[in-house]
Amino acid sequence: MCIRDRLKGCFLGPVDWTGHKLEGAQLQGVDLQGADLEKVCLDDADLTGADLRSTNLKQASLLCAVLLGTDLSDVCLDEAVLTGAAYDVQVAVCSGSLEGADLGAVDWTGAKLSGARLQRVKLHGATLRHVDLSNASMELADLTGTDLEGSCLENASLAHAVYDVEAFVQRGWLQGAMLGDVDWSGLNLANGQLQRAILRGARLEGTRLISANLEGADLTHANLSGANLNAAVMCTARLQDAVLHSCTMQATDLSRAQLQNADLRRSSMRAANLSLVDATHTCFEDAKLIGAKLARASLTNANFAFADLSNADSVSYTHLRAHETPEHLVCRLLLEKKK
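In this text the structure is predicted, and so the values were computed from the model without any measurement.

Student: Would you explain the overall build of the chain in this entry?
Tutor: Scanning the chain for helices and strands turns up four helices and zero strands. Ordering the α and β elements of the chain from the N terminus gives α-α-α-α. Evaluated residue by residue, the chain yields a buried proportion of 50% over its 339 residues. Across the chain, the fraction of contacts at a sequence separation of at least 24, relative to all contacts at a separation of at least 6, is 4%. Total accessible area on the chain stands at roughly 14000 Å², and carbon and sulfur atoms take up 47% of it.

Here is the structure:
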């Protein structure tokens, strides 16, 4: 099909060009609303100012195509390849036009893409340094090899996205991100930066989080059983209904954390800081709290059966006595003995 210069600005309507090869086509200003261009080859084509609203470009090839000023509203670009293409990044991304597209190693350095819709997008090796991706939707996105240095992902949703977890966490690229119920069991995330990360229902069994920063993180209903959290910073973290039994938490900072209904059975918490925590209904059964700081902690109905609280400082056990069981009595007597 020879459709070069003579189609500029034409109204073509919902044509069916499925599978056609239109490399280098000059389609400036054409109206292709509702057209079916599935698997079409538009490499090096010029679609400047074209109207592609509701066009089907599934699996199309747009290598190095020019899409400046092109209306991509409601276009389908699932599995389309746009490597090297020229387009208005902010308009295309924030309108959701690029959902599912293969964008290759794009360079969006410094772009303002707050609220971007990038579900299922493939960004292999892309450069997204210092990009504002706050509140972006990036579910199922492929971020393998992507450089997010200095970018903001505050409240961005990366549920089921693909990326190098250990590298992203170590570099602090997931701070404030909504990560969903990820399974990071057994990973080495020591010294990781996960401040304000939202990890509700996450699986972190046996994960190494030594000296990790989880300040303000949301770990509600997360399973961290057997995790190593020595010297981790978890102040103000949300750990309601979290499973933390058999964890190693020596010198962990849990000050002002929300621990209601959490399971901390058999955890080793020597010298941990639990000042001002809300541990209402929390289970510390058989936990080792030697030298722990519990100043002004809320311990209403907490279970300390057989817990070791020797040398714990500033403990007020008024709440313990209100619902004292024989096991709680053992704990209280240990406290009274040290006095």
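Student: In this structure, what is going on with the nonpolar core? I would like to understand it.
Tutor: One recurring pattern in soluble globular proteins: nonpolar side chains tend to sit buried together. Grouped together as the largest cluster of nonpolar side chains are 109 residues, with contacts concentrated most on W108 and W184. For this core, the elements supplying multiple residues, two or more each, are α1 (89-94) and α2 (165-170).

Student: Could you clarify how one ought to interpret the side chain of D102 in this entry?
Tutor: Considering the arrangement of structural elements, one finds D102 in the loop between α1 and α2. Buried charge without a salt bridge: D102, with K122 as the nearest opposite-charge side chain at an N-O distance of 5.9 Å. For D102, the residues in contact, after removing those within four places along its chain, are A80, V81, L82, T83, K122 and H124.

Student: Would you explain the packing of aromatic side chains in this entry?
Tutor: Geometry of an aromatic ring pair is reported as the spacing of the ring centres plus the angle between the planes. Evaluation of the coordinates by the stated rule reveals three aromatic pairs. When the centroid spacing of 5.0 Å and the interplanar angle of 70° are considered together, the rings of F168 and W173 count as edge-to-face. A relative accessible area of 2% means that F168 is categorised as buried. With a relative accessible area of 5%, W173 lands in the buried category. Plain terms: the ring middles of F284 and F304 are 4.7 Å apart, the flat faces sit at 15° to each other, and that makes the pair stacked.

Student: Even after reading the chapter, I still don't get the environment of L118, so can you show me in this structure?
Tutor: Tracing the sequence through the fold places L118 in the loop between α1 and α2. Taking relative accessible area as the criterion, L118 reaches 0% and is therefore assigned buried. Taking the C-alpha atoms as reference points, L118 and D142, 24 residues apart in sequence, are found 9.9 Å from one another. Those residues in contact with L118, other than ones at most four positions away along the chain, are V93, W108, L133, S137, M138 and A141.

Student: Just checking my understanding: could you explain the confidence of the model for the chain for this structure?
Tutor: Low-pLDDT portions of the prediction should not be read for the details of their coordinates. In the predicted model, the chain carries a mean pLDDT of 88, and the fraction of residues at 70 or more is 88%. Within the chain, helix α3 (residues 318-322) has the poorest average pLDDT of any element, 45, and α2 the best, 96. Confidence drops under a pLDDT of 50 for residues 317-324, and excluding neighbours within four residues, the segment shows 18 contacts in the predicted structure.

Student: Help me out: how do you make sense of the pattern of salt bridges in this one?
Tutor: In a structure, side chains of opposite charge can pair up when their charged atoms sit close to one another. Counted under the stated rule, the structure contains 12 salt bridges. In this structure, D147 and R129 form a salt bridge, with 2.9 Å as the shortest nitrogen-oxygen distance. Remark: R129 occurs in the loop between α1 and α2 and D147 occurs in the loop between α1 and α2; sequence separation between them is 18 residues. For D147, a relative accessible area of 21% corresponds to the partly exposed category. By relative accessible area, which is 31% here, R129 ends up partly exposed. A salt bridge links K288 to D286, with the nearest nitrogen and oxygen atoms 3.8 Å apart. Residue K288 is classed as partly exposed on the basis of its relative accessible area, which comes to 36%. The class for D286 is partly exposed, based on a relative accessible area of 31%. Salt bridges sharing common partners tie together D51, R53 and D71.

Basis of the calculations
- Residues numbered from 1 in each chain as written.
- Predicted model: local features only at pLDDT ≥ 70, side-chain atom pairs only at ≥ 80, totals over all residues.
- Heavy atoms only, no water.
- Helix = DSSP H or I, 4+ residues; strand = E, 2+ residues; numbered from the N terminus.
- Buried < 20%, exposed > 50% of the residue type's maximum accessible area, 1.4 Å probe, protein only.
- Contact = heavy atoms within 4.5 Å.
- Areas by Shrake-Rupley, 256 points an atom, 1.4 Å probe, with all protein chains shown as cover.
- Core = buried A, V, L, I, M, F, W, Y, C linked by side-chain atoms within 4.5 Å.
- Lys, Arg positive; Asp, Glu negative; His and termini not counted.
- Salt bridge = Lys/Arg side-chain N within 4 Å of Asp/Glu carboxyl O.
- Phe/Tyr/Trp six-rings, centres within 6.5 Å; stacked < 30°, edge-to-face > 60°.
- pLDDT = per-residue confidence, 0-100.

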